[in-house]
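# Examination of the molecular architecture
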Amino acid sequence: MDWIVMKALEKDRFRRYETANAMAADLNRYLQGEAIEARPPSTAYRLRKAASRHRVALVATSVVALSLLAGTVTTSWFALREYRARLETDVLAEKYREEVFQTALTATLMRDPNAPELLKQAKAVGVEEADLAFLRGHLNVHSGEMTEATIEFERARNLRDTIPVHASLAVVYHCLGDTNRELSEIQWLNKQAPSGAEDYLFLAQSLTFTHPTQAVKHARTAIRKRDSLFGHVVLAGALSQYAIDTDSEDTIEEAVCQADAVAVLMKDNAYVLGVQLFANLAAMRLAEKHHKDSHLYRSTAVVAATGLESFPTYAMGRLLRAHYFDWLFRDLSGLGCQVEVAAM
């Protein structure tokens, strides 16, 4: 009944009863217990009425709200752009650090005299300690400091487990005669699935003198993934040991070709000279065993041995030069053990 009265008194003519008969009909429906036309105003109607009464305030509020929204959107856009810029900067910085590390690693593995300076640069640009320890370990190997190398490789392993680190440790432990720890590293490596070129290269190095067949396979895979001079030197060493173990003339020919080809491009590199000497010594002895001319191999070995005299701190070079003439007149069964340091 109240809503019938309110509808009859409504100021808005569009909301009032159009005629007295319409009001009477609504009253009759009320008395009969039927639904009436009179209803409370809807929320939308109330909002429209409120907006009409407070038009100025509503406009001002809308302007302020839109300004705040626009400011928020603008601030968010600038914040997003700044975030993307920082992200791009971080990505570029990380890419640069990786490039510096790879340069230092290549120089270290190839016995480049600039390797210590490149290690300093890697540290300066923020290369991670695990990678720095890995580089320091190989520098120690090259100078014959095997105990110090072990400490650095173990530090790298404790910071981050990788195939190159465990493979390097396996070789160092072998050189130190620590069979138990060498076996532990090999067992770990056997459970891993290599992926990148570096994984295959270091696996090849660690297996060169114990499992040369696998070493050759891994070295070839590494070269397919990323061709590099270092990869061919590793392959030459693995092929040389495989040829010694299997008495294979064809294999030693490939080993000599690989080593000599790299030596032409890097004739002043200690590591290359060492592998070249190893390959040609093996070829020379196999040729003599099969009663073939070994003069060419002997000549190349002399050149390589002479070149190694320029690297007095290179551990493998010292071993090769110390035993060079002795190796010319005895079986090569112990050759691999004496030059295993070169596989690092």
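Residues numbered from 1 in each chain as written. Predicted model: local features only at pLDDT ≥ 70, side-chain atom pairs only at ≥ 80, totals over all residues. Heavy atoms only, no water.

So, about helix α6 (residues 129–142). The terminal C-alpha atoms of α6 lie 20 Å apart, and with 14 residues this matches the ideal 20 Å at 1.5 Å per residue to within 8%. Regarding α6, the residues found buried are A130, D131, L132, A133, F134, L135, G137, H138, N140, V141 and H142. Positive phi appears at G144, one or two residues downstream of α6, with a value of about 85 degrees. (Helix = DSSP H or I, 4+ residues; strand = E, 2+ residues; numbered from the N terminus. Expected span 1.5 Å × (residues − 1). Buried < 20%, exposed > 50% of the residue type's maximum accessible area, 1.4 Å probe, protein only.)

Side chains of L229, V264 and L265 sit close together on the surface and give an oily, nonpolar patch of about 310 Å² of accessible area. Tracing the backbone shows L229 in helix α12 (residues 229–246). (Patch = residues over 30% accessible without salt bridge, like charges linked within 9 Å, V, L, I, M, F, W, Y side chains within 5 Å. Areas by Shrake-Rupley, 256 points an atom, 1.4 Å probe, with all protein chains shown as cover. Salt bridge = Lys/Arg side-chain N within 4 Å of Asp/Glu carboxyl O.)

To continue, consider the packing of α12 against helix α13 (residues 249–265). For the pair α12 and α13, interaxial distance at closest approach is 8 Å and the crossing angle is 150 degrees. The angle between the axes of α12 and α13 places the two elements in the roughly antiparallel class. Of the two possible hands of crossing, α12 and α13 adopt the one that is left-handed. Facing L229, H232, V233, L235, A236, L239, S240, Y242 and A243 of α12, the residues of α13 in contact are T251, I252, E254, A255, Q258, A259, V262 and L265. Within the contact of α12 with α13, the residues separate by chemical class into 12 nonpolar, 4 polar and 1 charged. (Axes fitted to C-alpha atoms, helices over the stretch in contact; angles between N-to-C directions. Parallel < 35°, antiparallel > 145°, perpendicular 65-115°, else oblique. Left-handed = near helix turned anticlockwise from the far one by under 90°. Contact = heavy atoms within 4.5 Å. Nonpolar A, V, L, I, M, F, W, Y, C, P; charged D, E, K, R; others polar.)

Our next topic: the packing of aromatic side chains. Inspection of every chain in the model, using the stated rule, returns 3 aromatic pairs. Relative to F153, the ring of F134 has its centre 5.9 Å away and its plane inclined at 55 degrees; by these criteria the two rings are tilted. In this pair, F134 sits in helix α6 while F153 sits in helix α7 (residues 146–159), placing the two residues 19 residues apart along the sequence. The two residues F134 and F153 agree in class, both being buried. Where F134 meets F202, the ring centres are 5.4 Å apart and the plane angle is 65 degrees; that geometry is what we call edge-to-face. In this pair, F134 is assigned in helix α6 and F202 in helix α10 (residues 197–207), connecting sequence segments 68 residues apart. Looking at F134, the relative accessible area reads 5%, which means it is buried. Ring pairing ties together the aromatic residues F134, F153 and F202, which thus form one cluster. (Phe/Tyr/Trp six-rings, centres within 6.5 Å; stacked < 30°, edge-to-face > 60°.)

Below, the discussion takes up the confidence of the model for the protein. Residues with a pLDDT of 70 or more make up 69% of the protein, whose mean pLDDT is 79. Helix α11 (residues 212–225) holds the highest mean pLDDT among the elements of the protein, 95, whereas helix α17 (residues 335–338) holds the lowest, 44. Considering only residues more than four positions removed or in separate chains, one finds that residues 331–344, a stretch of pLDDT under 50, has 42 contacts. (pLDDT = per-residue confidence, 0-100.)

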